[in-house]
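# What the coordinates show
What follows is the residue order along each chain.
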Amino acid sequence: MTTIIRITLKGIFRDRVFQGIMVTACAFLLIPVIASLSMRQVTELSLTLSLSLISFILLLLAVFLGGTSLWKDIERRYTFSVLGLPLSRQSYMIGRFGGTALFVLLAAAVLGVAAFAVVSYSSAIYPTDRPIVWSTMAICILFDALKYILLIAVAFLFSTVSTSFFLPVFGTIATFLAGGVTQQVFEFVNSPASKALSPLVKKLATILYYLLPNFGAFDLKVNAIYSLPLPFEGLLLTAAYFVVYVGLLLSAAATIFSRREMR
Amino acid sequence: MNAIEITGLYKQFPGKRMTKVDALKGLDLTIAAGEVFGFLGPNGAGKSTTIKLVMGLLRPTSGRAQIMGMDSNQAESRRHVGYLPENPAFYDYLSAEEYISFVGSQFKMEAALLAQRSEDVLKRLDLWDARKRPMRGYSKGMVQRVGLAQALVHDPDVYILDEPMSGLDPIGRALVKDIIFDLKARGKCVFFSTHITDDVEKVCDRVGVINKGELLVVENVETILQRGVQGYSVFVMNPDGAKEELFIEKAHLQAFIQQSVVNQQSIEKIEPRRKDMEAFFLEIVAQ
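Please read these numbers as outputs of a predicted model, since none were measured by experiment.

Parameters at a glance
Residues numbered from 1 in each chain as written. Chains lettered and ligands numbered in written order. Predicted model: local features only at pLDDT ≥ 70, side-chain atom pairs only at ≥ 80, totals over all residues. Heavy atoms only, no water. Helix = DSSP H or I, 4+ residues; strand = E, 2+ residues; numbered from the N terminus. Rg over C-alpha atoms; globule rule 2.2 N^0.38 Å. Buried < 20%, exposed > 50% of the residue type's maximum accessible area, 1.4 Å probe, protein only. Contact = heavy atoms within 4.5 Å. Areas by Shrake-Rupley, 256 points an atom, 1.4 Å probe, with all protein chains shown as cover. Lys, Arg positive; Asp, Glu negative; His and termini not counted. Charge placed at Lys NZ, Arg CZ, Asp CG, Glu CD. Pairing = 2+ DSSP bridges. Disulfide = S-S within 2.5 Å. Buried area = accessible area lost by both parts, 1.4 Å probe. Salt bridge = Lys/Arg side-chain N within 4 Å of Asp/Glu carboxyl O. Patch = residues over 30% accessible without salt bridge, like charges linked within 9 Å, V, L, I, M, F, W, Y side chains within 5 Å.

## Topic: the overall build of chain A
Broken down by element type, chain A carries 12 helices and zero strands. Of the regular secondary structure in chain A, the N- to C-terminal order runs α-α-α-α-α-α-α-α-α-α-α-α. On C-alpha atoms alone, chain A measures out to a radius of gyration of 20 Å, which is about the 18 Å that the 2.2 N^0.38 rule sets for 263 residues. Counting over 263 residues, chain A shows a buried share of 49%. Long-range pairs, those at least 24 residues apart, make up 80% of the contacts in chain A with a sequence separation of at least 6.

Here it is in structure tokens:
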């Protein structure tokens, strides 16, 4: 499996899509200038823009690498040669996922360093009243990366059942959008404000809440920007949720992929 | 132990409008270790389906296939196999050298042995100069040769080659035939599909003809060729120095030779005239 991970990483580094996405990272250079236009809270704005840019780049990577990795292998007939080796389909799929996930972690680390540099620069020129908690910022980026790794697992699950890139790519985007609001919807349907809603809609919203990934739990941007303390138990719970959810998605994907006909 | 054992292999694909298409109808076939077996059939006959089932790429509707005694659904059964898919495609961002190294590592080859074998196969398949270039820049023939190189690198006992000569120029085809002869000499089993009868005639011990998902016949190539002899072309020189070519029926050859001695004719060459593999193949498929 490690060789599959290595091959996957090599493929991503040599991929033009990746190179194009990484050019987007050059936008980091503009952040101090844009933030300075606000005239106040320059550091906070630098932090907000940096974290948002990281999130955006990781989203692009998750959708395009996660959504096309397996599909491309099948479409371009690479699977015929690779699965003709003494390698189980599960190992192959998990290896492809592992390589993509590892790359997202690496990208998050590199982008994180760029964000640290940008925020340091901004705070040196426009000192802030509130101290910057670097560890919170690092944990915020880490959980952002975990969120997108979970999204990659979703993309892989879609890839195992799809014969085109539409479902892996657009299904992943739809899941991302829905998963970002499930927490708010769930809280709304369980609040007194939702009295007007029919029980069926409430039930449906609750089912979707448990079925779809809850990306809201991974969002720690407010804590990082305003130096708020991190909820330790909440982080542990989110990490456990990540492990269980990714495990379930990959198990389902591996089961489906092992039965898929390579015609 | 047989190299490949196929028992009652049946494959049905979903067709249009909820219909089912029988791609393979209860195939039984055994290929011995050290045997070169040609799997002959027209396009769409079921050759690639059979190979994909043997390689575990498709799941049989019923029946089973075994490689070296192991069920082909198990990944471990492929440890003994060098497989070349039909119209192969490989990660095109890798170079041939990187891909061969990846394949070798999947077979748990030691680094030193892998480096040596990789050099050997890349040189043999005339890919040495291009070994460091990404495969996306390779021609179809070069990709086909990478396919052969990756099948050969770990020196397995069983080779399953789906249309190995496809996309190759005459030099490449001759090279593949050479490689198969070499594997045969080293006691390896080669199971390859083709629709080119000449390939089978030259390199195979046995041939199986498949059409419309049914295995029609399995026969020794030598037997087919012997059976197909209809007569001989005899090139003689008469006492006056004139040369002529005569057709002599199979049963009359001995008598003709004796008579030519009496007639003071010198025999310069005798060539058998026979139905070739193509005629045999067409006859079987037409039935």
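Now that the structure has been shown, the text picks up again.
## Describing the overall build of chain B
When its secondary structure is counted, chain B shows nine helices and 13 strands. Oriented by its inertia axes, the alpha-carbon framework of chain B measures out at about 70 × 50 × 35 Å. Put simply, chain B has 287 residues, and 49% of those count as buried. Relative to all contacts within chain B whose residues are 6 or more apart in sequence, the contacts with residues 24 or more apart total 66%. Put simply, chain B shows about 13300 Å² of open surface, and 49% of that area lies on carbon and sulfur atoms. Taking the average location of the 36 positive side-chain charges in chain B and that of its 38 negative ones, the two points are 6 Å from each other.

## Side note on the sheet that holds strand β2 (residues 20-31) of chain B
Residue and element names in this part refer to chain B. Reading across from one edge, β2-β1-β4-β5 is the order of the four strands in this open sheet, with antiparallel pairing throughout. Two strands lie at the open edges of the sheet, namely β2 and β5 (70-71), each paired on one side alone. One ladder, built from two bridges, connects strand β4 (residues 62-67) with β5; its direction is antiparallel. Note that in β5 the partner of I67 across the bridge is M70.

## Quick look at the state of the cysteines
Residue and element names in this part refer to chain B. All told, the structure shown has zero disulfides over all chains when counted by the stated rule. Among the cysteines around C204, which has no disulfide bond, C189 carries the closest sulfur, lying 11 Å off. When its relative accessible area of 7% is taken as the criterion, C204 is described as buried.

## Description of the interface of chain B and chain A
The partner chain A presents 31 residues to the 31 residues of chain B that form the contact. For the pair chain B and chain A, the summed buried area comes to about 2800 Å², and 54% of that belongs to carbon and sulfur atoms. Three residues, L57(B), Y91(B) and Y93(B), lead the burial of chain B against chain A; their summed loss comes to 25% of the area buried on that side. Linking chain B with chain A are three salt bridges, by the criterion used here.

## Overview of the environment of I67(B)
Relative to the helices and strands, I67(B) resides in strand β4. Sequence separation between I67(B) and I4(B) is 63 residues, and the spatial gap between their C-alpha atoms is 4.7 Å.

## A few points about a nonpolar patch on the surface
Residues and elements named next belong to chain A. Together, F13, L102, L105, L106 and L142 line one region of the surface with nonpolar side chains, adding up to about 400 Å² of accessible area. No other element matches helix α6 (residues 89-125), which puts three residues into the nonpolar patch. Inspection of the secondary structure assignment puts F13 in helix α1 (residues 2-13). Overall, F13 belongs to the partly exposed group, its relative accessible area being 42%.

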